[in-house]
Amino acid sequence: MTAATTPPAPVPSPSAARTFALVVGIERYAAGPSWDLPGPANDALRFRSWLLRSGVPEQNVLLCLDPLADHGVPHHPADHGTLRGLLLSRLPALEGEMLWVWWGGHGVLDRAERLRLLCADAGTADKRNLDLESMRTTLASDLLPGFGRQVWIVDACQTFEEEYGFRTSLPDEGLPTGRRVRGHHQTLLLAATRGQRAANDPGRGTGLFSECVLDVLEGSPAGPPWPEPEAVFRDVRERVAALRAGRRTEQVPALRIVGPEWREEIEPPAGPGPSPSPQPSQPPLPRLVDALLSYPMAHDPAERQLMVASLPTGRTARMQRHGKARTDLIGIIRTLSEQPGEVWLLYDAVTLLDDDPGRAQALEEAVVAYAGARPGGSG
């Protein structure tokens, strides 16, 4: 066999001592309790425990949390400034071969088709965030020497920005990057595909995608050698498919591979099986308005006022009201949409005043289509 046809020698798996991790779990946001997301901190700590059992030194794990409960584990905060500093200053100062990036929390797909990961100091007026693609590009440049192998695991929604009806736009700030190099191989495991929500189980305190990933990792031999991320993804995809079949979620995980000479995205499998994310035949906002208009009280200005007065939010004082029922309801919905989760207050108020089960079911489905699951139900 000539030198030209001799396959390259296998690259040894990085040692645990030269493996580092940035682990982020955000359950609480500056926007207030309606943004609470029970689960990401638990998942982050479980991932940290797996790394430690695999031999990674504790000081090699940069843990960033904003938890709803005190877990008694020392950690960095998960605000924008701290995370930015770790990405641009702390990581580049380290000497390592492999980097794990774990992120659990709220996410949104902006109008430029970029996934924005919201930081703990994100509020309704200033939604502090980090652009996933900008983060990836920065850590693939010569700003991060070494770390030729990188595995990113991101449990966050990729729902469209416009679905939330934000009054203010997302801040647009990319991270600085260095010179492009050929030495980094990045594999990204994403909880959902374009336009989808990543389901969370607030009762059990875990993200469904995170739980599947952790079950697979914990079921594999402790590294190194580290489990191949593509193989992990195949197992995770099968587990999530079973959850879709059981109607526990509609999400389809995605895999992106960015190497020195190629870039690849693994599309959801074709053929028979559960539909990844069926779209309603009617756009979400008109569907929700029509569901509200099915209630007789929605056509009476006095009863609509009683409905608004029943909403437990100070946002009612700023609502622009209108005598025409459809216009009035659109204004109410858009005002409540400024704070994720508050559209569900409208569902509660309406079904309290009119308990018709058929209309309630149609209204609930319309609210889910427009605003997603109740707070705590998705990332």
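Definitions and cut-offs
Residues numbered from 1 in each chain as written. Predicted model: local features only at pLDDT ≥ 70, side-chain atom pairs only at ≥ 80, totals over all residues. Heavy atoms only, no water. Axes fitted to C-alpha atoms, helices over the stretch in contact; angles between N-to-C directions. Helix = DSSP H or I, 4+ residues; strand = E, 2+ residues; numbered from the N terminus. Parallel < 35°, antiparallel > 145°, perpendicular 65-115°, else oblique. Left-handed = near helix turned anticlockwise from the far one by under 90°. Contact = heavy atoms within 4.5 Å. Nonpolar A, V, L, I, M, F, W, Y, C, P; charged D, E, K, R; others polar. 1 Å grid on protein atoms, 1.4 Å probe; cavity = no way out; pocket = protein on both sides within 12 Å on 5 of 7 lines; lining within 4 Å. Points joined across faces, edges and corners; volume = space filled by probe spheres on them. Buried < 20%, exposed > 50% of the residue type's maximum accessible area, 1.4 Å probe, protein only. Pairing = 2+ DSSP bridges.

An unreviewed UniProt entry lists the chain under the name Caspase family protein, from Streptomyces goshikiensis.

A. Inspection of the packing of helix H1 (residues 40-53) against helix H4 (residues 208-219) at higher detail. One can describe the packing of H1 onto H4 by two numbers: an axis separation of 10 Å at closest approach and a directional angle of 15 degrees. Judged by the inter-axis angle, H1 sits roughly parallel to H4. Helix-helix and strand crossings are classified by hand; for H1 and H4 the assignment is left-handed. For the pair H1 and H4, the contacting residues are Asp43, Arg46, Phe47, Trp50 and Arg53 in the first and Ser210, Glu211, Leu214, Asp215, Leu217 and Glu218 in the second. Partitioning the contact of H1 with H4 into residue classes produces four nonpolar, one polar and six charged.

B. Representation of empty space enclosed by the protein in the model. The final tally for this structure, using the stated rule, is three cavities of 30 Å³ or more. Of the volumes computed, that of the second largest cavity is approximately 60 Å³. Surrounding the second largest cavity, 12 residues form its lining, Leu37, Pro40, Asp155, Asn200 and Gly207 being those nearest its centre. Split by residue class, the lining of the second largest cavity holds four nonpolar, six polar and two charged.

C. Layout of the pairing of strand S11 (residues 254-258). Most of S11 is tucked away: five of the five residues are buried. Burial of the side chains of S11 extends over both faces: Ala254, Arg256 and Val258 are buried on one face and Leu255 and Ile257 on the other. Two strands pair when backbone bridges link them, and strand S8 (residues 185-190) and S11 are joined in this way by five bridges, in the antiparallel orientation. Counterpart to Leu190 in the pairing with S11 is Ala254.

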